[in-house]
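Single-letter residue listing:
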Amino acid sequence: MKRIGIISFIICFILLAGCSKEEIPVPPSMNNMLIVSNLKKPEISFVDLQKGKSEVSKLNFRITAMEKINQNTIILAGDLEDSLYRLQLKDGELTKLKNTGKGVNDLLYRPKDHLLFFSNGKKNKVGFYDVEKDTVIAEVSTDKFPTSMAVNDKKNLLYVVNVKAASLSVIDIGSKKVISHFPIVTRPNGIFFDGNYVWIGGHGPYGSLNENIYIYDPDTGKEVDRVKVGVMPVDFYGDDSSAYVYAICHGSSSVYRINIKNRSVSEPLEVGANPYDIIGDKQRIYVSSLDGDSLAIIDRTTFTINREIRLKNGPHMMILGEGNE
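Residues numbered from 1 in each chain as written. Predicted model: local features only at pLDDT ≥ 70, side-chain atom pairs only at ≥ 80, totals over all residues. Heavy atoms only, no water.

Summing up its helical and strand segments, the protein has two helices and 29 strands in all. Its C-alpha atoms give the protein principal-axis dimensions of roughly 75 × 50 × 35 Å. Per-residue burial over the protein gives 55% buried out of 325 residues. On the protein, roughly 15200 Å² of surface is accessible, and the fraction owed to carbon and sulfur atoms is 50%. Of the charged side chains in the protein, 40 are positive and 39 negative, and the gap between their average positions amounts to 4 Å. (Helix = DSSP H or I, 4+ residues; strand = E, 2+ residues; numbered from the N terminus. Buried < 20%, exposed > 50% of the residue type's maximum accessible area, 1.4 Å probe, protein only. Areas by Shrake-Rupley, 256 points an atom, 1.4 Å probe, with all protein chains shown as cover. Lys, Arg positive; Asp, Glu negative; His and termini not counted. Charge placed at Lys NZ, Arg CZ, Asp CG, Glu CD.)

Right under this line is the structure:
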């Protein structure tokens, strides 16, 4: 019997991809929960938005990107990990997936064809991962250090911000080829596609920090406008429920609300130090502050802070739980 057990263990070790599962503690319900990755420690937090309390689960790696696939499934990435991970929210099962190579820093999911795009800043590539088949179906070379991504569903294009090259790559999703690229702001970060134009933020050149959002025509590569905001706009949130896009500026620890059509800008709304991620639902906007160890919950109608929740260890990326999408 012992010999059989040893043989089973060896088989499981050889077939590592099928056996590399573990479980982490998760709340019994994701209703009214916000899932937050911590950057300063290898942790993931589950924040009860009604009670303002959080539960923390430790991991063996630091999360640098995560994306929700359905109500029960989140894909996690760590830039020092050679694979993606799947977290099942119902039972906390954490499974190591196919090899992607180290350096994954951003994820973007397109439900209609089950495609998860992942940018790899070390390999200078964007990967196409089929979540249903658990297969990396393609990797496309870009300029140096790809990060933020946005999809143009109408034209079946993927826009990719390349930080070290200060450029934007345009990838045809069907052919999986780069069809164009053009220069953008120095040290770019964050992207929003409004249906016609791409909005890109960033740090700007050293010694002259950027205070503008740059708007480009992705078909021609020409700059069509600049929107002045705070210091270092780095991320955006917008959806079909309103005519606004929200931008966070981590240099000035502020949030701005911008009218997409006429590009008028609100007064800044101050949040915790070094805001790093912004997401939303139909009623609220959520902003995590990396150095402020806080979560700001903003009312979309009044553009005021409803509540601030204290967190720990550098709250970073966020995902809404069940009932808040």
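Moving on to the pattern of salt bridges. Applying the stated criterion to the full structure yields 13 salt bridges. Arg 110 is the salt-bridge partner of Asp 153, the closest N and O atoms lying 3.1 Å from each other. Here Arg 110 lies in strand E9 (residues 104-110) and Asp 153 lies in the loop between strand E13 (146-152) and strand E14 (157-162), a separation of 43 residues in the sequence. Accessibility expressed as a relative area gives 5% for Arg 110, which makes it buried. Here Lys 123 ties to Glu 139 by a salt bridge, and the two come within 2.9 Å at their closest N and O atoms. Of this pair, Lys 123 sits in the loop between strand E10 (115-120) and strand E11 (125-130) while Glu 139 sits in strand E12 (residues 135-141), and the two are 16 residues apart along the sequence. (Salt bridge = Lys/Arg side-chain N within 4 Å of Asp/Glu carboxyl O.)

Further remarks concern the confidence of the model for the protein. Across the protein, the average pLDDT comes to 93, with 93% of residues at 70 or higher. Under a pLDDT of 50 for its full length, residues 1-19 has, in the predicted model, two contacts with residues more than four places off or in other chains. (pLDDT = per-residue confidence, 0-100. Contact = heavy atoms within 4.5 Å.)

With that settled, the discussion passes to the nonpolar core. The biggest cluster of nonpolar side chains holds 19 residues, and the ones touching the most others in it are Ile 35, Ile 44, Phe 46, Met 66, Leu 76 and Leu 94. Within the residue set of this core, elements represented by two or more residues are strand E2 (33-38), strand E3 (43-48), strand E6 (73-77), strand E7 (83-88) and strand E29 (315-320). If sequence neighbours within four positions are ignored, Phe 46 has contacts with Pro 25, Val 26, Pro 27, Met 30, Met 33, Leu 34, Ile 35, Lys 53, Ser 54, Glu 55, Ser 57 and Leu 89. (Core = buried A, V, L, I, M, F, W, Y, C linked by side-chain atoms within 4.5 Å.)

Another point: the sheet that holds strand E15 (residues 167-172). In spatial order, the strands read E13-E14-E15-E16; together these four strands make up an open sheet with antiparallel pairing. Edge strands, defined here as strands with exactly one partner in the open sheet, are E13 and strand E16 (177-183). With direction set aside, neighbouring strand axes in the sheet form an average angle of 25 degrees. One ladder, built from five bridges, connects E13 with E14; its direction is antiparallel. Opposite Val 151, over in E14, you have Leu 158 as the bridge partner. (Pairing = 2+ DSSP bridges. Axes fitted to C-alpha atoms, helices over the stretch in contact; angles between N-to-C directions.)

Our focus in this paragraph is the pairing of E29. In terms of burial, E29 is a largely internal element, six of the six residues being buried. As paired elements, E2 and E29 share four bridges and run antiparallel to each other. If you follow Ile 35 over to E29, its bridge partner there is Ile 319.

Of all the seven residues making up E9, seven are buried; the element is thus mostly covered by neighbouring parts of the structure. Across six bridges, E9 lies against E10 in antiparallel orientation. When the sheet's bridge partners are listed, Arg 110 is paired in E10 with Leu 115. Counted along the chain from E9 to the antiparallel partner E10, the turn is four residues long, and its residue His 114 has a positive phi close to 60 degrees.

On to the sheet that holds strand E28 (residues 304-310). The strand order across the open sheet built from four strands is E25-E26-E27-E28, with neighbouring strands paired in antiparallel fashion. Each end of this open sheet is capped by a strand with a single partner; those strands are strand E25 (275-280) and E28. Averaged over all pairs of adjacent strands, the angle between strand axes in this sheet comes to 20 degrees, irrespective of strand direction. Inspection of the sheet shows E25 paired to strand E26 (residues 284-289) by five bridges, in the antiparallel sense. Note on E26: the bridge partner recorded for Ile 278 is Val 287.

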